Amino acid sequence: MRFILVCAMLLIASPLEAAERLNVVASFSILGDFVRNVGGDRVSVTTLVGPDSDVHVYTPAPSDAKRVAAAKLVIVNGLGLEGWLPRLVQSAGSKAKVITASAGIAPLKLGSAADPHAWQSIPNARIYVTDIASALATAAPDDAEFFRAQAKAYLEKLETLDREVRDAVAKIPAERRKVISTHDAFGYFSSEYGIRFIAPLGVSTETEPSARDIAAIIGQIKAARIPAVFLENITDDRLIRRIAAETGARVGGTLISDGLTGEKGPAPTYIDMVRHNIKALTSALDH
Ligand SMILES: [Zn+2]
């Protein structure tokens, strides 16, 4: 009798078998992290775009079609980020429900198109998480209560994170809240938290800038009194030292925008990514 009871308890306590978990595919790592936080061990999450690939121009692999075919839910950002995805879902013959995580946010423009990088505002990330939680609950109603509780706990963490960012920005003198950056991914961050991201004049993000480009950037930094630059595509240390020496601007570290790093990197989770970026920005911008 006692033996049977112990066995029954072990059964209850054992983690869900893979086949019982809700099978979810996320297009890229930030969405994968949100799904994992809400879904816990009740979902099995696969992320299509890996750490070294660019989500904007991803070429799906045959294994991606298999994953999408087996999924019950496919979570995408939308706003034109994953132009490659509709064809993948169709060619995989997938019956998965496609959920657009950005559906509830107010889009900004990037040039003439919608700016897809909405997750860089934490209030937007909270909308993503709330919508992902409802999608999971609809797909697996027996676990709805669990998903709601998980989402509530994670949303509280995001609220704390949002306060951290606002407090950090508040400590930067107002006239210093601007950087030159080759990233075009911080529009939502900028409008939410009030740090301006200014593109370097005439510099392509694809190629190493020439001496003339550097002279233009130096003129721009001086004219607009920009306290820091994040020029990640410049790999030549001499050019970076020249910018710093001639302008007094600080050269900041790496900002992370479109994907998380591996476990050993600085941003294995969304929360780590935001903390990494705000640290890089404040250390370049405060006195
Ligand atoms: Zn991007």
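Note that the structure is a prediction, hence the values are computed from the model and not measured. (Residues numbered from 1 in each chain as written. Predicted model: local features only at pLDDT ≥ 70, side-chain atom pairs only at ≥ 80, totals over all residues. Heavy atoms only, no water.)

Engineer: Quick question: what am I supposed to make of the coordination of the zinc ion here?
Structural biologist: Six octahedrally arranged donors around a metal ideally form angles of 90 or 180 degrees; four tetrahedrally arranged donors ideally form angles of 109.5 degrees. Only His56 (NE2), His117 (NE2) and Asp258 (OD) from the protein reach the zinc ion as donors, at distances of 1.9 to 2.1 Å. Between consecutive donors of the zinc ion, the numbers of intervening residues give the motif H-x60-H-x140-D. Pair noted here: His56 is in the loop between strand E2 (43–49) and helix H3 (62–70) and Asp258 is in the loop between strand E10 (250–251) and helix H10 (270–285), with a separation of 202 residues, a long-range link. For His56, a relative accessible area of 31% puts it in the partly exposed group. (Donors = N, O, S within 2.8 Å, 3.2 Å for Na, K, Ca; no water. Helix = DSSP H or I, 4+ residues; strand = E, 2+ residues; numbered from the N terminus. Buried < 20%, exposed > 50% of the residue type's maximum accessible area, 1.4 Å probe, protein only.)

Engineer: Which parts of the structure should I look at to understand the sheet that holds strand E8 (residues 196–198)?
Structural biologist: Where strands meet in a sheet, backbone hydrogen bonds hold them as pairs that are either parallel or antiparallel. Taken together, four strands build an open sheet; the order of strands is E8-E7-E9-E10 and the sheet is parallel. Each edge of the open sheet carries a strand with a single partner, namely E8 and E10. Pairing of strand E9 (residues 228–230) with E10 involves two bridges; the strand directions are parallel. When the sheet's bridge partners are listed, Val229 is paired in E10 with Val251. Here H10 sits on the sheet and contacts strand E7 (178–181), E8, E9 and E10; the angle it forms with E9, its principal contact strand, is near 145 degrees. (Pairing = 2+ DSSP bridges. Contact = heavy atoms within 4.5 Å. Axes fitted to C-alpha atoms, helices over the stretch in contact; angles between N-to-C directions.)

Engineer: Would you mind going over the nonpolar core with me for this structure?
Structural biologist: The tendency in soluble globular proteins is for nonpolar side chains to be buried as a group. Formed by 79 residues in total, the largest nonpolar core has its most connected members in Phe34, Leu136, Leu158, Phe189, Tyr270 and Met273. When we break this core down by domain, the ones giving at least three residues each are domain 1 (15–162) and domain 2 (171–285). When sequence neighbours within four positions are dropped, the list of residues in contact with Leu136 reads Leu22, Val24, Val35, Val38, Gly39, Val43, Leu73 and Phe147. Counting 14 residues, the second-largest nonpolar core is a separate cluster that includes Ile180, Ile221, Leu231 and Ile234. (Core = buried A, V, L, I, M, F, W, Y, C linked by side-chain atoms within 4.5 Å. Domains from an automatic or database assignment.)

Engineer: I keep staring at the pairing of strand E3 (residues 73–76) and nothing clicks. Help me out?
Structural biologist: Every other side chain in a regular strand lies on the same face of the sheet, so the side chains alternate between the two faces. Burial of E3 is two-sided: the residues Leu73 and Ile75 facing one way and the residues Val74 and Val76 facing the other way are all buried. Inspection of the sheet shows strand E1 (residues 22–28) paired to E3 by three bridges, in the parallel sense. The partner of Val25 across the bridge, within E3, is Val74. Pairing geometry for E3 and strand E4 (residues 97–100), over four bridges, is parallel.

Engineer: Just checking my understanding: could you explain the confidence of the model for the chain for this structure?
Structural biologist: As a general rule, the predicted coordinates of low-pLDDT regions are not to be interpreted in detail. Taken residue by residue, the chain gives an average pLDDT of 91. The fraction at 70 or more is 91%. In the predicted structure, residues 6–11 sits below a pLDDT of 50 and forms zero contacts with residues beyond four places in sequence or in another chain. (pLDDT = per-residue confidence, 0-100.)

Engineer: For this particular structure, what's the right way to read the pattern of salt bridges?
Structural biologist: Pairs may arise between side chains of opposite charge once their charged atoms sit close together. All chains considered together, the criterion is met by 12 salt bridges. Measuring nitrogen to oxygen at the nearest pair gives 3.9 Å for the salt bridge that ties Glu159 to Arg163. Of this pair, Glu159 and Arg163 both sit in helix H6 (residues 144–170), four residues apart, roughly one helical turn. Residue classification places Arg163 among the partly exposed positions, given a relative accessible area of 46%. For the salt bridge of Glu164 with Arg275, the shortest nitrogen-to-oxygen distance reads 2.8 Å. (Salt bridge = Lys/Arg side-chain N within 4 Å of Asp/Glu carboxyl O.)

Engineer: What is the right way to look at the domain arrangement of the chain in this model?
Structural biologist: Size of an interface, as often reported, equals the accessible area lost when the parts are brought together. For the chain, the assigned domains are domain 1 (15–162) and domain 2 (171–285). When each unit is reduced to the centre of its C-alpha atoms, the spacing between domain 1 and domain 2 is 28 Å. Contact residues are listed per partner, giving 30 residues for domain 1 and 21 residues for domain 2. Interface area, domain 1 with domain 2, both sides summed: about 2000 Å², of which 61% is carbon and sulfur. Counting every contact that joins domain 1 to domain 2 gives 12 residue pairs in polar contact (both at pLDDT 80 or more). Taken together, the elements giving at least two residues each to the side of domain 1 that touches domain 2 come down to helix H2 (29–39), helix H5 (122–139) and H6. The dominant element in the side of domain 1 that touches domain 2, judged by the number of residues it contributes, is H6, at five residues. (Buried area = accessible area lost by both parts, 1.4 Å probe. Polar contact = N/O pair within 3.5 Å; in protein donor to acceptor, adjacent residues only side chain to side chain.)

Engineer: Before we go on, may I ask you to explain H5 in this structure?
Structural biologist: Structural remark: α-helix, 3.6 residues per turn; residues separated by three or four positions point the same way. Here H5 spans 26 Å end to end across 18 residues, near enough to the 26 Å set by a 1.5 Å rise per residue. All of the buried residues in H5 are Ile122, Asn124, Ala125, Tyr128, Val129, Ile132, Ala133, Ala135, Leu136, Ala137 and Ala139. (Expected span 1.5 Å × (residues − 1).)

Engineer: Quick question: what am I supposed to make of the packing of aromatic side chains here?
Structural biologist: How two aromatic rings sit relative to each other is set out by the distance from centre to centre and by the angle between their planes. With the rule as written, the count across this model stands at 10 aromatic pairs. Between Phe34 and Tyr128 the ring centres are 6.1 Å apart and the planes differ by 85 degrees, which places this aromatic pair in the edge-to-face class. Here the residue Phe34 occupies a position in helix H2, and Tyr128 occupies one in helix H5, the gap between them amounting to 94 residues. Note on Phe189 and Phe197: the rings are 6.2 Å apart at their centroids and 85 degrees apart in plane angle, and the pair reads as edge-to-face. (Phe/Tyr/Trp six-rings, centres within 6.5 Å; stacked < 30°, edge-to-face > 60°.)

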